[in-house]
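Single-letter residue listing:
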Amino acid sequence: MSNIHIRTRFAPSPTGFLHIGGLRTALYNYLFAKQNGGQFILRIEDTDRARFMEGAEENIIETLRTFGLDFDEGPVRQSEHLEKYKERAEELIQKRAAYEDAGAVRFKMPRDGVTHFTDIIHGEIQIENKTQEDFIILKSDGFPTYNLAHLVDDHDMAITHVIRGDEFISSMPKYAALHNAFGWDLPQYAHLPLLLNKNRAKLSKREGEIAVYDFLDKGYLKEAVLNFVALLGWHPKTDQEIFSLEDLIKEFKLEDVQKAGAIFDAAKLDWVNSEYIRQKSPREILMYLMDVGRPLGRPTSKSEYLEKIIALEQPRLKKLSELPERADYFFKEPEYNAVLLKWKKMSDEEIKKSLETSKQILEQINGKDFSKENLEKIFLDKAEDFKDRGELLWPLRVALTGRKTSPGPFEIMEILEKEKSISRVQNAINVIK
RNA sequence: GGCCCUAUAGUCUAGUCUGGUCUAGGACACCACGCUUUCAAUGUGGGAACACGGGUUCGAAUCCCGUUGGGGCCA
């Protein structure tokens, strides 16, 4: 690899926000370039005016930046080089390799022989040329088609490796013939397997919910999305599952990319996400929430308070967006369900007694000593008087949260502090007849 | 319909090139049990796959042929 200067490109059309499949293609191009000391280039293929979407290019660039997939050159916009494609089309007409047809320019596809090329992922591929037809390279409006434009640009930009989706394999005879007509050598090709939805169909923008930004908004960390997407179609020989971008640059092997399409499995993404959530400090999560998303709502409270809450819920989160719902009892008084307050077969009287015991204990503790450790010690000691700890601790925890599930009562009371803890226990007592 | 790509559990995959070490490994998900006041985390265990049929071979997930399934492109 030493004397080949590797250059890859990511060449999306600005027809929509960058989606998850595009992110993976960009990532693989980036990884391959970087691990070989080469360049990664962004090209915007904006020659299809009908499908152009306002804001798409900005979104693509911003998303790449968010994920740290910095491009070394570009964005190169095809719409800014329309003359070039016209000249190339003209060149082919001169060479009698193309001809005019109703205002468009059509390439004369040779029908004899077989196109064979080597794909880094698929190996040798052969396609008979008689399956092809003459095809348009320049439309009557003067805009080039993908067939012409991408290939002229790849040549002019000295792209050495074309890493793109599988769907272009069947058009390879066209590209090979075009290269041949220009007298150019073929670059290296690596055709990636498609990303599929649950129904095994190509993941498409039309299904929604697949724009990369949607995932960030839904509470997925960018590290998790990148990690997950890297694993759709590639895996190292080891059992490692969690990878930083740096890890990926080291470990990724283009030739090890899978040949068959991969289904996007949200459950695994959730797991990867929870791994990354647990790796972060509460402060980092708070900063992230304030920066990227707003799932926590307006951080009106002191950030120190929020950090404590985050620390509690953090190990339980699959997505950051779950936080407000899960921690709502810190921001509003719980409503009690008398049935929920009951532990196993306790009678109303026993529940009431249990809660009153808790209340008495709390009243005797100095507000300054409301630490998780101290509370735990005192309560567990007192719980010895009950048949099982649950008789004391379950009603207490429900009184504090109003919830069937939550973190433990001691860490919650540490955050709630004395006054609020006692008032909640009292409120729960009042509910019981 | 034509052409092309593809095929290990529900999902992502290791193993396939260089056949034996594979009674097929890991992860997610799922189930059970342990810990535990609940949840989460964690520990232990479990169910679950080489698409099918022929060959080649002493021996095939691995090589060859065919079939079927899935996908893509074009029409």
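Remember, predicted model here, so these are calculated numbers, not experimental data.

The rules we used
Residues numbered from 1 in each chain as written. Chains lettered and ligands numbered in written order. Predicted model: local features only at pLDDT ≥ 70, side-chain atom pairs only at ≥ 80, totals over all residues. Helix = DSSP H or I, 4+ residues; strand = E, 2+ residues; numbered from the N terminus. Rg over C-alpha atoms; globule rule 2.2 N^0.38 Å. Buried ≥ 20, exposed ≤ 12 C-beta atoms within 10 Å, placed from the backbone. Contact = placed C-beta atoms within 7 Å. Pairing = 2+ DSSP bridges. Axes fitted to C-alpha atoms, helices over the stretch in contact; angles between N-to-C directions. Domains from an automatic or database assignment. Parallel < 35°, antiparallel > 145°, perpendicular 65-115°, else oblique. Nonpolar A, V, L, I, M, F, W, Y, C, P; charged D, E, K, R; others polar. pLDDT = per-residue confidence, 0-100. Near = placed C-beta within 6 Å. Left-handed = near helix turned anticlockwise from the far one by under 90°. Right-handed = clockwise from strand over helix to strand, strands pointing away. Expected span 1.5 Å × (residues − 1).

## A look at the overall build of chain A
A tally of regular secondary structure across chain A gives 16 helices and 12 strands. The C-alpha atoms of chain A give 31 Å as radius of gyration, which overshoots the globular expectation for 433 residues (22 Å, by more than 25%). In terms of overall dimensions, chain A has C-alpha extents of about 95 × 40 × 35 Å along its principal axes. Looking at chain A as a whole, 34% of its 433 residues qualify as buried. The long-range share in chain A, meaning contacts at least 24 apart out of those at least 6 apart in sequence, stands at 77%.

## A short note on the sheet that holds strand E8 (residues 135-138)
Ordered by their spatial adjacency, 3 strands build an open sheet running E4-E5-E8, and the pairing between neighbours is antiparallel. Only two strands of the sheet have a single neighbouring strand rather than two, namely strand E4 (98-101) and E8. Adjacent strand axes in the sheet meet at a mean angle of 45° when their direction is disregarded. In terms of strand pairing, strand E5 (residues 104-107) meets E8 through 3 bridges, oriented antiparallel. Its bridge partner lying in E8, Phe 107 is registered against Phe 135. Strands E4, E5 and E8 of the sheet are contacted by helix H3 (residues 82-94), whose axis makes an angle of about 110° with E4.

## Here we look at the domain arrangement of chain A
When the domains of chain A are assigned, the result is domain 1 (1-203), domain 2 (280-330) and domain 3 (348-431). Computed from C-alpha coordinates alone, the two centres of domain 1 and domain 2 are separated by 43 Å.

## Concerning the packing of helix H15 (residues 389-401) against helix H16 (residues 409-431)
Between H15 and H16, the shortest axis-to-axis distance is 8 Å and the interhelical angle comes to 90°. Between H15 and H16, the interaxial angle falls into the category roughly perpendicular. Of the residues in H16, those touching H15 at Leu 393, Leu 396, Arg 397, Ala 399, Leu 400 and Thr 401 are Pro 409, Ile 412, Met 413, Leu 416, Ser 421, Arg 424, Val 425 and Ala 428. Its residues placed into classes, the contact of H15 with H16 shows 10 nonpolar, 2 polar and 2 charged.

## Overview of the confidence of the model for chain A
Mean pLDDT over chain A stands at 90; residues scoring 70 or higher make up 95%. As scored by the predictor, the complex reaches a pTM of 0.91 and an ipTM of 0.92.

## Overview of the protein's contact with RNA strand B
What surrounds RNA strand B is a group of 44 residues, the closest being Glu 167, His 235, Ala 260, Asp 265 and Gly 408. Counting only elements with at least two residues in the surface near RNA strand B, the list comes to strand E7 (123-128), strand E12 (262-263), helix H9 (266-279) and H15. The element that contributes the greatest number of residues to the surface near RNA strand B is H15, accounting for 5 residues. The residue inventory of the surface near RNA strand B, partitioned by class, reads 17 nonpolar, 12 polar and 15 charged.

## Overview of the packing of helix H10 (residues 282-291) against helix H11 (residues 303-313)
At a closest axis distance of 9 Å, the pairing of H10 and H11 adopts a crossing angle of 110°. The orientation of H10 with respect to H11, classified from their angle, is roughly perpendicular. Between H10 and H11 lies a crossing of right-handed hand. Touching Pro 282, Arg 283, Ile 285 and Leu 286 of H10 are Ser 303, Leu 306, Glu 307, Ile 310 and Ala 311, all from H11.

## Re unusual backbone geometry
In this structure, Ala 102 is a non-glycine residue whose phi angle is positive, near 50°. Within the chain, Glu 417 stands out as a residue other than glycine whose phi angle is a positive 75°. Summarising the element assignment, Glu 417 is placed in helix H16.

## Some details on the pairing of strand E3 (residues 73-77)
Here strand E2 (residues 39-44) runs beside E3; their pairing, made up of 3 bridges, is parallel. Following the sheet pairing, Ile 41 is matched in E3 by Glu 73. Note that the unit made of E2, helix H2 (residues 56-66) and E3 has a crossover that is right-handed.

## Considerations on helix H1 (residues 20-35)
Between its first and last C-alpha, H1 extends 22 Å over 16 residues, near the 22 Å set by a 1.5 Å rise per residue. Taken across its 16 residues, H1 has 14 buried, putting it largely inside the fold. Where H1 ends, the next residue or the one after it, Gly 37, has phi of about 65°, a positive value.

## Notes on the environment of Ala 89
Topologically, Ala 89 is positioned in helix H3. A tally of 24 C-beta atoms within 10 Å means that Ala 89 is categorised as buried. Through-space distance from the C-alpha of Ala 89 to that of Thr 63 is 34 Å; in sequence the pair is 26 residues apart. Setting aside residues up to four positions removed in sequence, Ala 89 forms contacts with Ala 98, Val 105, Ile 137, Leu 138 and Leu 148.

## Looking at helix H4 (residues 146-156)
Residues Leu 148, Ala 149, His 150, Leu 151, Val 152, Asp 153 and Asp 154 constitute the buried set of H4. Its buried side turned inward, H4 meets E2, H3, E8, strand E9 (161-165) and helix H5 (172-182). One or two positions beyond H4, positive phi appears at Ala 158, with a value near 55°.

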